[in-house]
Amino acid sequence: MSRSPERLTALALTFALVAGLPVTAWADEEPTAGVEEIVAPVEDIVAEVESLDGAESESKRGEEVTVALTSDVLFALDKAVLTGGAKQRLRRVAERIRAESAGGQVRIEGHTDDQGSDAYNDALSLRRAQAVRQALQAALAGTGTTLLAKGFGESRPRVPNVVDGAPVEANRAKNRRVEIVFAAAR
């Protein structure tokens, strides 16, 4: 990376603008003192792709792939029995795991919205994660993959259930989900 005075000035100006610092008209001046190297932490970049109907999304952080399926396409309201359509979606997810996974553990994590008590949501999210685990277990037989199911209830929302004091049904629908997490092969 070039460390020319012009490049360092541009970086300093960008940093000042991002940080909300006052910017003076020094951009045209020659640097008169030593320039300190600016080091800022870089957050993980997470690419997320969502299906057109919003029922499925995929994100990747490093080698970890997360496939999220909304509970509305997997289960009837307040139920933990997979629908016929859910079984088809899970077969496609199993095919991806077979093709892309590095093997080892696959985590299946159930989540709910903020409706109902914590105890009810914890139990429902666990039952749903276990139903998905059971369906994937059959589809991944013979791969040596270990499937772990856990319910998180409403403790890990993707988006706020309530905004400005009002419930947002579209957000609640996104929070009702099952996430399938696996390590991708390199």
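**With respect to helix α3 (residues 84-100)**
Side chains that are three or four residues apart share a direction in an α-helix, a result of its 3.6 residues per turn.
Here's step 1: Counted at 1.5 Å a residue, the expected span for α3 with its 17 residues is 24 Å, and the 25 Å between its end C-alpha atoms agrees.
Here's step 2: Among the residues of α3, Ala86, Arg89, Leu90, Val93, Ala94 and Ile97 are the ones counted as buried. Down the axis, α3 shows its buried residues gathered within 150° of arc, on one side only. Exposed and oriented more than 90 degrees from the buried face of α3 are Gly84, Glu95 and Ala99.
Here's step 3: Buried-residue contacts for α3 involve β2 (56-61), β3 (64-70), α2 (71-74), β4 (101-111), α4 (118-139) and β8 (177-184).

**Section: the packing of α3 against α4**
Here's step 1: Closest axis-to-axis distance for the α3/α4 pair is 9 Å, and the angle between their directions is 55°. The pairing of α3 with α4 is recorded here as oblique in orientation. The element α3 and its partner α4 pack so that their crossing is right-handed. Each of Leu90, Ala94 and Arg98 in α3 lies in contact with α4, whose residues at this interface are Val132, Ala135, Leu136 and Ala139.

**Considering the confidence of the model for the chain**
Here's step 1: For the chain, the mean per-residue pLDDT works out to 86, and 80% of the residues sit at or above 70.
Here's step 2: When mean pLDDT is taken per element in the chain, strand β5 (residues 146-151) scores highest with 98 and helix α1 (residues 5-19) scores lowest with 68.

**Section: unusual backbone geometry**
Here's step 1: Of note in the backbone geometry, aspartate 78 takes a positive phi value of approximately 60° without being a glycine.
Here's step 2: Topologically, aspartate 78 is positioned in the loop between α2 and α3.
Here's step 3: In this structure, aspartate 164 takes a positive phi of about 55° despite not being glycine.
Here's step 4: Here aspartate 164 lies in the loop between β6 (162-163) and β7 (166-167).

**Details of the nonpolar core**
Here's step 1: By size, the foremost hydrophobic cluster in this structure holds 23 residues, and its most contacted members are Leu74, Leu82, Leu90, Ile108, Val132, Leu136 and Ile180.
Here's step 2: Mapped by element, the contributors of at least two residues to this core are β3, α3, β4, α4 and β8.
Here's step 3: Of the residues forming this core, the biggest block, 5 residues, is contributed by α3.
Here's step 4: Setting aside anything within four residues of it in sequence, one finds leucine 136 in contact with Leu90, Ala94, Ile108, Leu147 and Ile180.

**Details of the pairing of β4**
Here's step 1: Of the strand pairs in this sheet, β4 and β8 are connected by 7 bridges, and their pairing is antiparallel. Along β8, the bridge assignment pairs glutamate 109 with glutamate 179.
Here's step 2: Strand direction decides the pairing type here: β4 and β5, joined by 6 bridges, are parallel. Along β5, the bridge assignment pairs valine 106 with leucine 147.

**Some words on α4**
Here's step 1: In this model, α4 (22 residues) spans 32 Å end to end at C-alpha, consistent with the 32 Å of a helix rising 1.5 Å per residue.
Here's step 2: Among the residues of α4, Asn121, Leu124, Ser125, Arg128, Ala129, Ala131, Val132 and Leu136 are the ones counted as buried. Buried residues along α4 cover an arc of 155° about the axis, so they all sit on one side. Along α4, the residues that are exposed and aim more than 90 degrees away from the buried face are Ala119, Gln134 and Ala138.

Reading the values: rules and limits
- Residues numbered from 1 in each chain as written.
- Predicted model: local features only at pLDDT ≥ 70, side-chain atom pairs only at ≥ 80, totals over all residues.
- Heavy atoms only, no water.
- Helix = DSSP H or I, 4+ residues; strand = E, 2+ residues; numbered from the N terminus.
- Expected span 1.5 Å × (residues − 1).
- Buried < 20%, exposed > 50% of the residue type's maximum accessible area, 1.4 Å probe, protein only.
- Arc of directions from axis to C-beta.
- Contact = heavy atoms within 4.5 Å.
- Axes fitted to C-alpha atoms, helices over the stretch in contact; angles between N-to-C directions.
- Parallel < 35°, antiparallel > 145°, perpendicular 65-115°, else oblique.
- Left-handed = near helix turned anticlockwise from the far one by under 90°.
- pLDDT = per-residue confidence, 0-100.
- Core = buried A, V, L, I, M, F, W, Y, C linked by side-chain atoms within 4.5 Å.
- Pairing = 2+ DSSP bridges.

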